[in-house]
Amino acid sequence: MNILIKAERDLSESERQEMDRTVNAAFDAEYDGEPDTIVWVQSNDWHILVYEQGRIVSHVAIVERTLTVAGQRLRVGGIGAGATLPEMQGRGLAGAAMR
C-alpha cells in the first residue's frame, strides 16, 4: 500500500479519472466516462489517494473553507468522498488514509 496526498491542482487527468471511477464504484454509481458522475462539492482542495499494485483503490477528499462566525473569520476543514473499491473494502484502507 502506498498513500499519497495531492493538491487538487496537481492531479493529472488520468489520476482524476481513476479517482472518479473509484468513488463511483464504491457508491455503486454507473461511470459514464464523464468526471463528476457523483458531485460532492464544487471542488476539493486535497486528495488522499491509496494505491495498491499501481491503482487507486481508496480515496478521501479534504476541503478547506473560511467561515465567518460572530464576525470573526474561521478557517475550517472537512472530509468527504471517502471511498474504497468494493472488492478492497474491509481492509482498513480508508482508515489508513485518514491517519
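Residues numbered from 1 in each chain as written. Predicted model: local features only at pLDDT ≥ 70, side-chain atom pairs only at ≥ 80, totals over all residues. Heavy atoms only, no water.

1. Notes on the overall build of the chain
Here is step 1: A count of helices and strands for the chain gives two helices and four strands.
Here is step 2: Ordered by position from N to C terminus, the α and β elements of the chain give β-α-β-β-β-α.
Here is step 3: Considering the chain as a whole, with its 99 residues, one finds that 31% of them fall into the buried category.
Here is step 4: Counting contacts in the chain only where the partners sit at least 6 residues apart, residues at least 24 apart contribute 51% of the total. (Helix = DSSP H or I, 4+ residues; strand = E, 2+ residues; numbered from the N terminus. Buried < 20%, exposed > 50% of the residue type's maximum accessible area, 1.4 Å probe, protein only. Contact = heavy atoms within 4.5 Å.)

2. Some details on the side chain of Lys6
Here is step 1: With respect to the element layout, Lys6 can be found in strand E1 (residues 2-7).
Here is step 2: Polar contacts involving the side chain of Lys6 include one to the side chain of Glu15, which spans 2.9 Å.
Here is step 3: With sequence-adjacent residues up to four places away left out, Lys6 is seen in contact with Leu11, Glu15, Asp45, Trp46, His47 and Leu49. (Polar contact = N/O pair within 3.5 Å; in protein donor to acceptor, adjacent residues only side chain to side chain.)

3. With respect to the pattern of salt bridges
Here is step 1: Counting across every chain of the model gives five salt bridges.
Here is step 2: Put simply, Glu15 and Lys6 hold a salt bridge, and the shortest N to O gap is 2.9 Å.
Here is step 3: The salt bridge involving Glu64 is made with Arg75; its shortest N-O contact spans 2.1 Å. Here Arg75 lies in strand E4 (residues 72-84) and Glu64 lies in strand E3 (residues 55-69), a separation of 11 residues in the sequence.
Here is step 4: Glu64 gets classed as partly exposed once you look at its relative accessible area, which sits at 28%.
Here is step 5: Accessibility expressed as a relative area gives 64% for Arg75, which makes it exposed. (Salt bridge = Lys/Arg side-chain N within 4 Å of Asp/Glu carboxyl O.)

4. Quick word on the nonpolar core
Here is step 1: Core analysis: the largest hydrophobic core is formed by eight residues, namely Ile48, Val50, Val57, Val60, Leu85, Met88, Leu93 and Ala97.
Here is step 2: Mapped onto this core, the elements with two or more residues apiece are strand E2 (46-52), E3 and helix H2 (93-98).
Here is step 3: Excluding anything up to four places from it in sequence, Ile48 contacts Ile3, Leu4, Ile5, Ser58, His59, Val60, Ile62 and Ala97.
Here is step 4: Counting five residues, the second-largest nonpolar core is a separate cluster that includes Leu11, Met19, Leu49 and Ile56. (Core = buried A, V, L, I, M, F, W, Y, C linked by side-chain atoms within 4.5 Å.)

Function-wise, these values are silent; they only describe arrangement.
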